[in-house]
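# A closer look at the structure
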Amino acid sequence: MSQAFAYPPVEPAPQRKRRMRLLLVPLVIAFVLIGIPGAIFGYAQNELAQAQSSEAANNYAQALSQFHTVETVAGNPVTALLLGELSDKARVGTAESHFQWGSQLKQQAHYTDAETQLRASVKSGIADWQTRANDGLADLFVTWGQSLVTAQKFQAGIEKYRLVAGFDPSGNLTARTNAGLATAYAAYAVSFTKAQPPDYPSAVSWYRDLVKTFPDSPEAKEAQAGLLPQALMNAGQAYVKNAQYQQARDAMNQVVQAYPATTWAAQANAALSAPQTLTGKLVISNADPT
């Protein structure tokens, strides 16, 4: 009876195992190098799409947060070479969202917040949105100034109107701004005449600024026709009550000389020509100290 021979299993040579391990290591590295950028790209692209959807839904705060995430992921030095296009799209989306949000806030009369958003769009460095945001700021300050003047906050309104020129180099809003300023100057002057007690010298000052700065405006013409000489005459009378006789004489002389055709000139001339009542006080003239 023949005996079966048992053959031991053949073991791979140690050199072959080492070769297989050496081949696997580059493959694993390759998969990692390909997989990580792919995953980052997919994440950034998805976040960008969500940001654009948020912006379209007028959810600007969320859109800005998502655009910022895309810029952080895709715009850093490590990933910029591969994901730079996504980063650029996020920057444009950020500038647009700031502009759109600022425009919405302006319509809602949230002027301070609107200014913040529009200025952020200007700082974006995206030329098209910088131009649109500058135009938006110019229009914002006109609207803001008008709102403040309507609320009788004249000084604040005038300050807003004066900001317009810095954002309107082409002068598209110059006529509208000047009209608003003329209205503000005139209304401010009137407010001093209605104060308790009235402040006629301040009213005169604002009327003069109105006539000097916006001579062709309807408000300036109305002021010259009667409001300014009336304020001068009232200022003269107020100076008399305060024993400021030289200032009173100067104010009334201005009425007579500058506005001779008005009824206020006749009143001022009569006051200047009337006999002066003795008061029992020694009055020293600024013109003649004796």
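The structure reproduced in this document is the subject of the present report.

Criteria and cut-off values
- Residues numbered from 1 in each chain as written.
- Predicted model: local features only at pLDDT ≥ 70, side-chain atom pairs only at ≥ 80, totals over all residues.
- Heavy atoms only, no water.
- Helix = DSSP H or I, 4+ residues; strand = E, 2+ residues; numbered from the N terminus.
- Buried < 20%, exposed > 50% of the residue type's maximum accessible area, 1.4 Å probe, protein only.
- Areas by Shrake-Rupley, 256 points an atom, 1.4 Å probe, with all protein chains shown as cover.
- Phe/Tyr/Trp six-rings, centres within 6.5 Å; stacked < 30°, edge-to-face > 60°.
- Contact = heavy atoms within 4.5 Å.
- Axes fitted to C-alpha atoms, helices over the stretch in contact; angles between N-to-C directions.
- Parallel < 35°, antiparallel > 145°, perpendicular 65-115°, else oblique.
- Left-handed = near helix turned anticlockwise from the far one by under 90°.
- Nonpolar A, V, L, I, M, F, W, Y, C, P; charged D, E, K, R; others polar.
- Arc of directions from axis to C-beta.
- Lys, Arg positive; Asp, Glu negative; His and termini not counted.
- Salt bridge = Lys/Arg side-chain N within 4 Å of Asp/Glu carboxyl O.
- Polar contact = N/O pair within 3.5 Å; in protein donor to acceptor, adjacent residues only side chain to side chain.

When you go through the chain residue by residue, the secondary structure sums to 11 helices and 0 strands. Each helix and strand of the chain, ordered N terminal to C terminal, gives the series α-α-α-α-α-α-α-α-α-α-α. The buried share among the 290 residues of the chain stands at 34%. Split by element, the accessible area of the chain, about 18,100 Å² in all, is 57% carbon and sulfur.

On to the environment of A271. Residue position: A271 is located in helix 11 (residues 263-273). In sequence terms A271 and R249 are 22 residues apart; their C-alpha atoms lie 9.2 Å from each other.

Attention now goes to the packing of aromatic side chains. Under the definition given, this model contains 10 aromatic pairs. With a centroid separation of 5.5 Å and 50° between ring planes, the pair formed by F99 and W129 is classed as tilted. Taken together, the positions of F99 in helix 3 (residues 80-107) and W129 in helix 5 (residues 127-150) put the pair 30 residues apart, joining distant regions of the chain. Each member of the pair, F99 as well as W129, carries the same accessibility label: buried. Look at Y111 and W144: their rings are 5.7 Å apart centre to centre, the planes differ by 25°, and that puts the pair in the stacked class.

Moving on, we get to the side chain of K106. Topologically, K106 is positioned in helix 3. Contacts of K106, omitting those with residues within four sequence positions, involve Y111, A114, D139, L140 and T143.

Viewed as axis vectors pointing N to C, helix 5 and helix 7 (residues 174-193) meet at an angle of 15°, and their least axial separation amounts to 10 Å. On the basis of the axis angle, helix 5 is roughly parallel to helix 7. When you trace helix 5 past helix 7, the crossing you get is left-handed. Across the interface between the two elements, D139, V142, T143 and V149 from helix 5 touch R176, T177 and A184 from helix 7. Residues belonging to the contact of helix 5 with helix 7 are distributed by class as follows: 3 nonpolar, 2 polar and 2 charged.

The set of residues buried in helix 11 consists of W264, A265, A268 and L272. For helix 11, the buried positions fall inside an angular range of 100° around the axis, keeping them on one side. Exposed and oriented more than 90 degrees from the buried face of helix 11 are T263 and S273. Buried residues belonging to helix 11 abut helix 9 (218-241) and helix 10 (245-258).

Moving on, we come to the environment of H68. Structurally, the position occupied by H68 is in helix 2 (residues 60-74). Between the C-alpha atom of H68 and that of A90, which follows or precedes it by 22 residues, the distance is 7.2 Å.

Glancing now at the side chain of D168. Turning to its location among the elements, D168 is positioned in the loop between helix 6 (154-163) and helix 7. Lacking a salt bridge, the buried D168 has R176 as its closest oppositely charged neighbour, with an N-O distance of 9.4 Å. Within the structure, the side chain of D168 is placed 2.8 Å from the backbone nitrogen of L173, a separation counted as a polar contact. Not counting residues within four places of it along the chain, the set of residues in contact with D168 comprises A138, L173 and T174.

On to the pattern of salt bridges. Per the stated rule, a full pass over the model turns up 3 salt bridges. When the shortest N-O distance is used, the salt bridge between R119 and E115 registers 2.9 Å. With R119 and E115 both in helix 4 (residues 111-122), this residue pair falls 4 residues apart, about one helical turn. Overall, E115 belongs to the buried group, its relative accessible area being 17%. In this structure, a network of salt bridges that share partners links the residues K106, D139 and R176.

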